[in-house]
Amino acid sequence: MANILIRYGFLALLVALVVFFSVATSGFASPQAAVFIFQSVAITGILALGVTATLVVGGFDLSIGSVATSAMMAAAYAMIVLQQNAFVAVIFCLAIGALVGLVNGLIIVYMRVPDLLATLGMMFLLLGLQRIPTEGRSIAAGMTMPDGSTAQGTFSPAFMAIGRHRFDFFLPDLVPVSVVVLLILAVLIWFFLEYTRFGRMMYAVGSNPRAAELAGAPVKAYKIWAYIISGVFASIGGILLAARLGRGDIASGNNLLLDAVAAALIGYAVLGASKPNAFGTAIGALFVGVLLQGLTMMNVPYYTQDFVKGAVLVIALIFTFSLSGRTAR
Amino acid sequence: MATMFRIDGLGKSFGPNKVLDGVSLDLFPGQITVLMGANGAGKSTLVKIMSGVHAPSAGAMSLADQPYAPSTPAEAIRAGVVTVHQNINDGVVSSLDVATNLTLDRLTGRGAHLFFNRRRNRREAAEVAAGLGLDVDLKADIASLSLADRQMVGIARAMAHAPKVMILDEPTSSLSSSEAERLFAIISRLRDEGVAILYISHRMSDIRRLADRIVSLRDGRITGTFEQKPLDYEGAVNAMLGRSAEATAVSVRDGGKPILTVSDVRLKPQAAPFSLKLHDGEVVAITGLVGVGKTQFAETLFGARRAVSGEMTLDGQRFAPSSPADAIRAGVFLVAKDRAESGIVADFNLARNISLPFLDRFSFLSVVRKRAEREAARRQIQNLAIVCRGERDMMTTLSGGNQQKVMVGRWMSQPSRLFILDEPFQGVDIAARRDIAAKLRANAQGRATLVFLTELDEALETADRILVMSEHTIVGEHRNERLDIDRLLAEVAAGAMKGAA
């Protein structure tokens, strides 16, 4: 009985919430509302899936939020100031994500800086760095450059489509690109971690690095790759953010890090895993989305949102660490 | 001579596990008693009871004819029994300076001052340091000190209590020889001042230098006391390693063609080079005391560390693995020492633990074939008679012996050229040990098997040939058939000085 509760408790709670909101509010149980929930957690969810990879190898990545906003600023800068096309902007962002992940990994693995501190430092560094090219201004079409000239570029239509286009799915124009990207990445990372030998070895590295090393695994390389995955995922989140906003807004993306980490940690409790896992992370993100959407539709004020998220996280962590006897990180 | 410290019929059990069984031991003032014992003999437990960490399950202790039963380490120190622990950094706080470390125990407890007065602290520290003739900069950070100096600081602080009994638990295990010399000088001085000293060590050179008396501990019992000068070192080693008559003899086989050759390999810059050959189908044991380089050699063969010099060949090809992955590809497998630390992945079930090194062989396009993986695990469960409910059991539900069988099964699941096991019988019950040894011998054909063992009994039960290691080199070789046990023990005890005969 206790085992069933630990295994399926969180999923049951999610189902119960959906049922409750469907009954209590009108319009919750509609395709549009469902899609809206997915859309609201898409960027957070993608970041959370990335940070899950670092959690699996026993690390942590606090720089994901600032990687995402840096990628957003980079995309805007590439198109508006450098007048590049959408393809170049996307590649530029992904390269930044991979590079930051690589540097994080190298600092942690070879310079032996603890993961939390290294990525905290990187977070700070990026928060500052993304403001330097424009001397602290947001980037939008027609903006005035530091030298007094006016930026000539615009957000290319192809890039804007990433944020605006919706695919037909039973209903016309239903599913936005960001949700499709979230679902694809979720399936990819889930399959990678659960079913491939690389994912398996990453779990071994996280659980007992010495044993993994003596089983022939290149432990350092696995750790570095985990941070690269995390960086690339965060930059994808940044691309979606830029496409949604249509500008490089220095004030946006403040909550990304905390929301993403919360989703990944809530994921520990899903299916009684007691360890980082991609499926749990996705459910964790969705859980927060459902809860917030439902409460909003019941006219609960917006300023209670962070409190609700925090409460869910604390409960999920207690669930993970005290109810299921095994200790994860 | 009056007894300073008396242990009488001391017993200690952890659950069903009897660690100490009726240990009686007297310590005399002005005398160094060396306690020898292999891993798991109960030395640390004895030290922990004497120093007030554990309470005994049976028996009693007395200090200067008064009953002595400390319930905390602090109580033991106050009564006059101080302990210098093996891990030097346990004794000092590395973020504080020398002066504060020397007086650390005065910062707390009754009568401690509320405010920290640096000048008073320095004055007290200078007194403590002078008590041991210690010449270190009181203002220096502990972190800037050598290991030996840190240990001196720990000892000086302990000495400030004017102890009656001092316990040193393998104090030289991380010291260089010149640092050890300084420690010996201090220990000799304490002896002359009339302290009763219990010195725990494996190192024969330390023991020869210091011992007035040797006591051997084996399986929780005192198996020998040697106080007649000149001391019988070989007898002490013999009593510690044990040589029970019922050790089952093996039917010795000669190996086939050579598989591994090692020529002039040096494990440490100052160690003597050695050579050896391992043959197809034979099981070779390398025995020797703890810390003589057995694990270094195992890890060198497995690519986890590199030899200082020398050549190795595997099947006639040059063999110089740069990583464990390299060694595994060449068919050299290692069941590493200390399975919890370096073998078991606790988050994985039995099947996943077995497949870990060979995931590439269990994968198709990098996707793990779980059915094949489970199949292989079931084969090993049957092969080694692992007691479990199934291949999906978590490792923590298994007993120590069965966990070890899983570790052995992991590396037996694929064919190897050289199969190395480092202390495979540590924390393994006798039945499981016999199973593993029998399996090792039964399927030894087609590979060379190399087992590193501290306990001589285990080597006698397992191997066709026994090599003796001492001071990071091979000092003796024996065929496990009517072997000259006295010569073997002499080699284990004597090391390179008079070994290699």
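Residues numbered from 1 in each chain as written. Chains lettered and ligands numbered in written order. Predicted model: local features only at pLDDT ≥ 70, side-chain atom pairs only at ≥ 80, totals over all residues. Heavy atoms only, no water.

With respect to the overall build of chain A
Phase 1 of the analysis: Scanning chain A for helices and strands turns up 13 helices and two strands.
Phase 2 of the analysis: Taken against the 2.2 N^0.38 rule, which gives 20 Å for 329 residues, the C-alpha radius of gyration of chain A at 20 Å falls within 12% of a compact globule.
Phase 3 of the analysis: Projected onto the principal axes, the alpha-carbon positions of chain A cover approximately 70 × 55 × 35 Å.
Phase 4 of the analysis: Every one of the 329 residues in chain A was classed for burial, and the buried ones make up 52%.
Phase 5 of the analysis: Pairs at least 24 residues apart make up 73% of the contacts formed inside chain A by residues separated by at least 6 positions.
Phase 6 of the analysis: Surface accessibility of chain A: about 14,600 Å² in total, with carbon and sulfur atoms responsible for 70%.
Phase 7 of the analysis: The average position of the 17 basic charges and that of the 11 acidic charges among the side chains of chain A differ by 10 Å. (Helix = DSSP H or I, 4+ residues; strand = E, 2+ residues; numbered from the N terminus. Rg over C-alpha atoms; globule rule 2.2 N^0.38 Å. Buried < 20%, exposed > 50% of the residue type's maximum accessible area, 1.4 Å probe, protein only. Contact = heavy atoms within 4.5 Å. Areas by Shrake-Rupley, 256 points an atom, 1.4 Å probe, with all protein chains shown as cover. Lys, Arg positive; Asp, Glu negative; His and termini not counted. Charge placed at Lys NZ, Arg CZ, Asp CG, Glu CD.)

Focus on the packing of aromatic side chains
Residue and element names in this part refer to chain A.
Phase 1 of the analysis: Summed over all chains, the structure comprises 17 aromatic pairs over all chains.
Phase 2 of the analysis: Plain terms: the ring middles of Phe191 and Tyr195 are 5.5 Å apart, the flat faces sit at 20° to each other, and that makes the pair stacked. With Phe191 and Tyr195 both in helix α7 (residues 177–195) and four residues apart, the pair spans about one turn of that helix.
Phase 3 of the analysis: On the basis of relative accessibility, which here comes to 36%, the residue Phe191 falls in the partly exposed class.
Phase 4 of the analysis: Note on Tyr195: relative accessible area 29%, which makes it partly exposed. (Phe/Tyr/Trp six-rings, centres within 6.5 Å; stacked < 30°, edge-to-face > 60°.)

Quick look at the sheet that holds strand β13 (residues 283–287) of chain B
All names here are of chain B.
Phase 1 of the analysis: The sheet built from six strands is open, its strands ordered β16-β19-β20-β13-β21-β22 with mixed pairing. This sheet does not close on itself; its edge strands, each paired only once, are β16 (332–335) and β22 (473–479). Averaged over neighbouring strand pairs, the angle between their axes works out to 20° when direction is ignored.
Phase 2 of the analysis: Here strand β19 (residues 418–422) pairs with strand β20 (residues 448–453) via five bridges, running parallel. Residue pairing for β20: Ile420 is matched across the bridge by Leu450.
Phase 3 of the analysis: Against the sheet, helix α14 (residues 400–412) contacts β16 and β19, and its axis sits at roughly 175° relative to β16. (Pairing = 2+ DSSP bridges. Axes fitted to C-alpha atoms, helices over the stretch in contact; angles between N-to-C directions.)

Overview of the nonpolar core
Phase 1 of the analysis: In terms of nonpolar packing, the biggest core is built from 129 residues, with B:Leu102, B:Met166, B:Ile214, B:Phe297 and B:Leu418 touching the most fellow members.
Phase 2 of the analysis: Of the residues forming this core, the biggest block, seven residues, is contributed by helix α5 (residues 147–159) of chain B.
Phase 3 of the analysis: If near-sequence neighbours (up to four positions away) are discounted, B:Phe297 is found in contact with B:Val262, B:Leu267, B:Phe274, B:Leu276, B:Ile286, B:Leu450, B:Phe452 and B:Met469.
Phase 4 of the analysis: One finds A:Met143, A:Phe155, A:Ala269 and A:Leu292 within the second-largest nonpolar core, a separate group that totals 106 residues. (Core = buried A, V, L, I, M, F, W, Y, C linked by side-chain atoms within 4.5 Å.)

Some thoughts on the UniProt feature "transmembrane region" (unreviewed entry) in chain A
Residue and element names in this part refer to chain A.
Phase 1 of the analysis: UniProt's feature table lists "transmembrane region" (unreviewed entry) at residues 36–57, 62–80, 86–109, 174–193, 224–243, 255–271, 278–295 and 307–325, given in the numbering used throughout.
Phase 2 of the analysis: Helix makes up 65% of residues 255–271 and strand makes up 0%, while its end C-alpha atoms are separated by 27 Å.
Phase 3 of the analysis: Secondary structure within residues 278–295 divides into 100% helix and 0% strand; the distance between the first and last C-alpha atoms comes to 26 Å. (UniProt positions renumbered as here; feature names shortened; annotations may be inferred.)

Digging into a nonpolar patch on the surface
Residue and element names in this part refer to chain A.
Phase 1 of the analysis: Among the surface-exposed residues, Leu99, Leu102, Leu106, Tyr110 and Met111 lie close enough to one another that they form a single nonpolar patch of about 490 Å² accessible area.
Phase 2 of the analysis: Position of Leu106 relative to the elements: it lies in helix α4 (residues 86–110).
Phase 3 of the analysis: Classification of Leu106 by relative accessible area gives partly exposed; the value is 33%. (Patch = residues over 30% accessible without salt bridge, like charges linked within 9 Å, V, L, I, M, F, W, Y side chains within 5 Å. Salt bridge = Lys/Arg side-chain N within 4 Å of Asp/Glu carboxyl O.)

Some remarks on the interface of chain A and chain B
Phase 1 of the analysis: Chain A puts 20 residues into the contact, and the matching count from chain B is 30 residues.
Phase 2 of the analysis: When chain A packs against chain B, the two sides together hide about 2,100 Å² of surface, and 59% of this comes from carbon and sulfur.
Phase 3 of the analysis: When the area that chain A buries against chain B is broken down by residue, the three leading residues are A:Arg197, A:Arg200 and A:Leu214, summing to 34%.
Phase 4 of the analysis: For the interface between chain A and chain B, the tally reads two salt bridges.
Phase 5 of the analysis: Its salt-bridge partner being B:Glu373, residue A:Arg200 comes within 2.5 Å of it at the nearest N-O pair.
Phase 6 of the analysis: Along the contact surface separating chain A from chain B lie eight residue pairs in polar contact (both at pLDDT 80 or more).
Phase 7 of the analysis: Broken down by element, the residue count for the side of chain A that touches chain B peaks at seven residues, all from helix α8 (residues 197–207) of chain A.
Phase 8 of the analysis: Looking at the side of chain A that touches chain B residue by residue, the class counts come to nine nonpolar, four polar and seven charged. (Buried area = accessible area lost by both parts, 1.4 Å probe. Polar contact = N/O pair within 3.5 Å; in protein donor to acceptor, adjacent residues only side chain to side chain. Nonpolar A, V, L, I, M, F, W, Y, C, P; charged D, E, K, R; others polar.)

Looking at the side chain of A:Asp61
All names here are of chain A.
Phase 1 of the analysis: Assignment of secondary structure puts Asp61 in the loop between α2 (31–56) and α3 (64–81).
Phase 2 of the analysis: Taking relative accessible area as the criterion, Asp61 reaches 1% and is therefore assigned buried.
Phase 3 of the analysis: Side chain to side chain, Asp61 and Ser63 meet in a polar contact 2.6 Å long.
Phase 4 of the analysis: At 2.7 Å, the side chain of Asp61 forms a polar contact with the side chain of Ser230.
Phase 5 of the analysis: With near-sequence residues (within four places) excluded, Asp61 lies in contact with Val51, Thr54, Asn104, Thr119, Tyr227, Ser230 and Leu257.

With respect to the pattern of salt bridges
Residue and element names in this part refer to chain B.
Phase 1 of the analysis: With the rule as written, the count across this model stands at 32 salt bridges over all chains.
Phase 2 of the analysis: When the shortest N-O distance is used, the salt bridge between Arg417 and Asp315 registers 2.8 Å. Separated by 102 residues along the polypeptide, Arg417 in the loop between α14 and β19 and Asp315 in the loop between β14 (309–314) and β15 (317–318) bring together distant segments of the chain.
Phase 3 of the analysis: By relative accessible area, which is 32% here, Asp315 ends up partly exposed.
Phase 4 of the analysis: Between Arg479 and Glu481 there is a salt bridge; the shortest N-O distance is 3.1 Å.

Comments concerning empty space enclosed by the protein
Residue and element names in this part refer to chain B.
Phase 1 of the analysis: A full pass over the atoms with the stated rule returns three cavities of 30 Å³ or more.
Phase 2 of the analysis: Each pocket or cavity is described by its volume, and for the largest cavity that value is around 70 Å³.
Phase 3 of the analysis: Considering the residues around the largest cavity, the lining is formed by 13 residues, among which Ala336, Gly343, Met407, Arg410 and Trp411 are closest to the centre.
Phase 4 of the analysis: Of all the elements, α14 adds the most residues to the lining of the largest cavity, at four residues. (1 Å grid on protein atoms, 1.4 Å probe; cavity = no way out; pocket = protein on both sides within 12 Å on 5 of 7 lines; lining within 4 Å. Points joined across faces, edges and corners; volume = space filled by probe spheres on them.)

Overview of the sheet that holds strand β9 (residues 213–218) of chain B
Residues and elements named next belong to chain B.
Phase 1 of the analysis: Within the open sheet, the six strands sit side by side as β6-β7-β8-β3-β9-β10. Their pairing is mixed. Here the strands that pair on one side only, and so sit at the sheet edges, are β6 (81–84) and β10 (221–226). Taken over all neighbouring pairs, the strand axes of this sheet differ in orientation by 20° on average, direction set aside.
Phase 2 of the analysis: In this structure, β6 lies alongside strand β7 (residues 165–169), joined through four bridges in parallel fashion. By the bridge assignment for β7, Val81 is matched with Val165.
Phase 3 of the analysis: Sheet strands touched by helix α1 (residues 43–50): β3 (31–37), β6, β7, β8 (196–200) and β9. Its angle to β3, the strand with the most contacts, is close to 135°.
Phase 4 of the analysis: In this fold helix α8 (residues 233–241) packs onto β3, β9 and β10, with an angle of close to 20° to the strand it touches most, β9.

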